[in-house]
Amino acid sequence: MDAYLLALKLVFDPYVLMVITASALYGLVVGCIPGLTATMATALLVPVTFFMPPVPAIAAIVTASAMAIFSGDIPGALLRIPGTPASAAYTDEAYAMTLKGQAGLALGAGLMFSVIGGLFGTVVMMTSAPLLAEVALKFSSFEYFWMVVLGLSGAVFIGSASITKAVMSLMLGLLIACVGMENPAGLPRFTFGNNELASGISLIPMMVGMFAVSEILRYAVDTAPEMKTKVAQVGNVFKGMWELTKRYKWGVLRGSAFGTVIGIQPGSGADMASWMSYAMSKRFSKEPEKFGTGHVEGIIESGAANNSSLAGAWIPAVVFGIPGDSITAIAIGVLYMKGMNPGPTIFVNNPQDIYAVFLVFVLANLIMLPFGWAMIKAARKVLQISRSILMPTILLFCIVGAFAINNSVFGVVLILCFGLLAFVLEENGFPTAPAILGVVLGQMLEENFVTSMIKSDYSIAPFFSRPIAGSLAALTFLILFWPLLSWAWRHRRGARRLAEGTAG
């Protein structure tokens, strides 16, 4: 208790509060600009933290990353261009709601349930960090393999396209993930002698190209009038949130819990949590046919998942020094730099510092409500700008963001190529979301499969005989075959009723 009192004093220091406020504004702006990510926002803060004491330095990273993850929803809903990869899973859903005049509902759901998910993950982190991190450490390559397959299995259910086209798009993403030397054998694949391709295809230029540049190309060839959206349609973003909470309470809980668990798994992050949660939401929804047409349920569950995963990723980071995602990998470096060496001893040597980090998470999620509301109101003005002005401006931001990743023109070439590819795919009815998911998880799938086969002397038995791996395998097959099982159950029940009616 004394440590928490000291932590409160540290967090509510005027200087720390000023840093949190500035970081919140910074994170909201960066997250709202397509091409700039939460990871980039965090990385750009590191030089600034050199001049800060430990608590405000970590507070800046925590606040900026949480705000950026939410803020990525705003351009996704208004322009169909996700600000961050974590928002990509439900961008089409939110944009469809905007076209139906429900932009306020889509943005309000993203804001409200991001806060709820973030607070849920924070409570789990504060109360169960050592226990949950210990469970995560029991995961080996066998368990990670099934986690990846579980994520990929949801790809074919994302969007409204046919399963065949979704699978083909997923395979394209997995093929792109093979490019480069970052494979178990360390051999260059599909590089064609180009040194720029040796490190593989970066997700950020690919995502920006497939979502942003393709939308710009679509606008360039479109001769129809500009999209019919009115500023008046974006009303009170908090209206109806309580009703949605009551209606989808189990979805909120499932998304928050699922996002936290995914965040705990090293290397997963908010992107994977968001994609998988959206797929799970559709699979277990009472109205799966509405997904992809502007249905708020997927936004609610994914929004809760991507923010709860942020706190979940900090559990292995602070307790064992294992980064849960790229953001916590940067944060661990800052922790070491500030003398807050992550590990079990941090709770003994400097408990007030780590408790202060927990309290910053709570504060960052609470202030997200007013700050997020203000950002939504400011971003609404985007709808008043002519798209003939807006689209070239967005393209400029995308080019700058792509170039800034590695200070290379090659990133700009990538966004243009993938923009053209996505434009061609969508014009022929192929969804782009499974391709992006394939790139996100492809390398992890290969590495864990090869590692597992070497460990087991090329036997597949451990993939099913290990308790956790077997459970994940069962869950994966359940999700894959759920439509078939559900159809069989309904068919059998219908036949039984028909037989009873005939007998009667």
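Quick caveat: nothing in here was measured; it's all calculated off a predicted structure.

A word on the overall build of the protein
When helices and strands are tallied, the protein shows 22 helices and 0 strands. Looking at the protein as a whole, 55% of its 504 residues are labelled buried. Residue pairs in contact within the protein that sit at least 24 positions apart in sequence constitute 78% of those at least 6 positions apart. As presented, the protein carries roughly 21300 Å² of accessible surface, and 68% of it is formed by carbon and sulfur atoms.

Some details on helix H6 (residues 91-99)
For H6, the buried fraction is high: 7 of the 9 residues fall into the buried class. For H6, the full list of buried residues reads Thr91, Glu93, Ala94, Tyr95, Ala96, Met97 and Thr98. Of the residues flanking the end of H6, it is glycine 101, one or two places downstream, whose phi is positive at about 85°.

Considerations on the environment of asparagine 194
By the secondary structure assignment, asparagine 194 is in the loop between helix H9 (163-177) and helix H10 (203-221). For asparagine 194, a relative accessible area of 30% puts it in the partly exposed group. A distance of 2.8 Å separates a polar atom in the side chain of asparagine 194 from the backbone nitrogen of glutamate 196.

Notes on the nonpolar core
It is characteristic of soluble globular proteins that their nonpolar side chains tend to be buried jointly. Counting residues in each nonpolar core, the largest one holds 141 residues, and the members touching the most others are Ile74, Met206 and Trp314. Among the elements that line this core, the one with the most residues is helix H17 (residues 351-379), at 14 residues. In contact with tryptophan 314, other than residues within four places in its own chain, are Ile58, Val62, Met125, Thr328, Ala331, Leu335, Val357 and Phe361.

Quick look at the side chain of serine 302
Looking at the element boundaries, serine 302 is found in helix H14 (residues 296-320). Among residues more than four places away in sequence, those in contact with serine 302 are Tyr90, Ser274, Ser277 and Tyr278.

Re helix H12 (residues 249-264)
Over its 16 residues, H12 extends 23 Å from the first C-alpha to the last, a length consistent with the 22 Å expected when each residue adds 1.5 Å. Those residues of H12 lying buried are Gly251, Val252, Gly255, Ser256, Phe258, Gly259, Thr260, Ile262, Gly263 and Ile264.

A word on the environment of glycine 294
Checked against the element boundaries, glycine 294 lands in the loop between helix H13 (269-283) and H14. When its relative accessible area of 9% is taken as the criterion, glycine 294 is described as buried. Once the C-alpha coordinates of glycine 294 and aspartate 92 are considered, the two residues, 202 residues apart in sequence, prove to be 7.8 Å apart.

A closer look at unusual backbone geometry
The residue phenylalanine 190 is not glycine, and still its phi comes out positive at about 55°. Here phenylalanine 190 shows up in the loop between H9 and H10. Residue classification places phenylalanine 190 among the partly exposed positions, given a relative accessible area of 44%. Positive phi, normally seen in glycine, also occurs at aspartate 457, with a value near 55°. Note on placement: aspartate 457 falls in the loop between helix H20 (433-455) and helix H21 (462-465). With relative accessibility at 62%, the residue aspartate 457 sits in the exposed group.

A few points about the packing of helix H2 (residues 14-32) against H17
Their axes nearest at 10 Å, the elements H2 and H17 cross at an angle of 55°. Judged by the inter-axis angle, H2 sits oblique to H17. The two elements H2 and H17 cross, and the hand of that crossing is right-handed. Counted together, Leu17, Ile20, Thr21, Ala24, Leu25, Leu28, Val29 and Cys32 of H2 and Val360, Leu363, Ile367, Phe371, Gly372 and Met375 of H17 form the full contact between these two elements.

Quick notes on the packing of aromatic side chains
Applying the stated criterion to the full structure yields 10 aromatic pairs. With a centroid separation of 6.1 Å and 40° between ring planes, the pair formed by tyrosine 355 and phenylalanine 358 is classed as tilted. Taken together, the positions of tyrosine 355 and phenylalanine 358, both in helix H17 and 3 residues apart, correspond to about one turn of that helix. Overall, the relative accessible area of 1% leaves phenylalanine 358 in the buried class.

Some words on the pattern of salt bridges
What the rule picks out here adds up to 5 salt bridges. Two residues, arginine 466 and glutamate 143, come together in a salt bridge whose shortest N-O distance is 3.0 Å. Of this pair, arginine 466 sits in the loop between H21 and helix H22 (467-503) while glutamate 143 sits in helix H8 (residues 141-153), and the two are 323 residues apart along the sequence. By relative accessible area, glutamate 143 is classed as buried at 1%. For glutamate 301, the salt bridge goes to arginine 254, with nearest N and O atoms at 2.8 Å. One end of the pair, glutamate 301, is in helix H14; the other, arginine 254, is in helix H12, with 47 residues separating them in the sequence. Under the relative-accessibility criterion, glutamate 301 is labelled buried at 1%. Owing to a relative accessible area of 27%, arginine 254 belongs among the partly exposed residues under this scheme.

A look at the environment of methionine 280
Along the chain, the position of methionine 280 falls in helix H13. Here the alpha-carbon distance between methionine 280 and glycine 255, two residues 25 residues apart in the chain, equals 8.7 Å. In contact with methionine 280, other than residues within four places in its own chain, are Phe258, Glu301 and Ile479.

Looking at a nonpolar patch on the surface
On the surface, a cluster of nonpolar side chains totalling about 1100 Å² of accessible area is made up of Phe284, Ile460, Phe464, Leu475, Phe477, Leu478, Leu480, Phe481, Trp482, Leu484, Leu485 and Trp487. With 9 residues, H22 is the single largest residue contributor to the nonpolar patch. Structurally, phenylalanine 284 can be placed in the loop between H13 and H14.

A few points about the side chain of serine 452
Within the secondary structure layout, serine 452 lies in helix H20. Residue classification places serine 452 among the buried positions, given a relative accessible area of 0%. Those residues in contact with serine 452 that sit more than four places away from it in its chain are Ser141, Phe142 and Phe463.

How each quantity is defined
Residues numbered from 1 in each chain as written. Predicted model: local features only at pLDDT ≥ 70, side-chain atom pairs only at ≥ 80, totals over all residues. Heavy atoms only, no water. Helix = DSSP H or I, 4+ residues; strand = E, 2+ residues; numbered from the N terminus. Buried < 20%, exposed > 50% of the residue type's maximum accessible area, 1.4 Å probe, protein only. Contact = heavy atoms within 4.5 Å. Areas by Shrake-Rupley, 256 points an atom, 1.4 Å probe, with all protein chains shown as cover. Polar contact = N/O pair within 3.5 Å; in protein donor to acceptor, adjacent residues only side chain to side chain. Core = buried A, V, L, I, M, F, W, Y, C linked by side-chain atoms within 4.5 Å. Expected span 1.5 Å × (residues − 1). Axes fitted to C-alpha atoms, helices over the stretch in contact; angles between N-to-C directions. Parallel < 35°, antiparallel > 145°, perpendicular 65-115°, else oblique. Left-handed = near helix turned anticlockwise from the far one by under 90°. Phe/Tyr/Trp six-rings, centres within 6.5 Å; stacked < 30°, edge-to-face > 60°. Salt bridge = Lys/Arg side-chain N within 4 Å of Asp/Glu carboxyl O. Patch = residues over 30% accessible without salt bridge, like charges linked within 9 Å, V, L, I, M, F, W, Y side chains within 5 Å.

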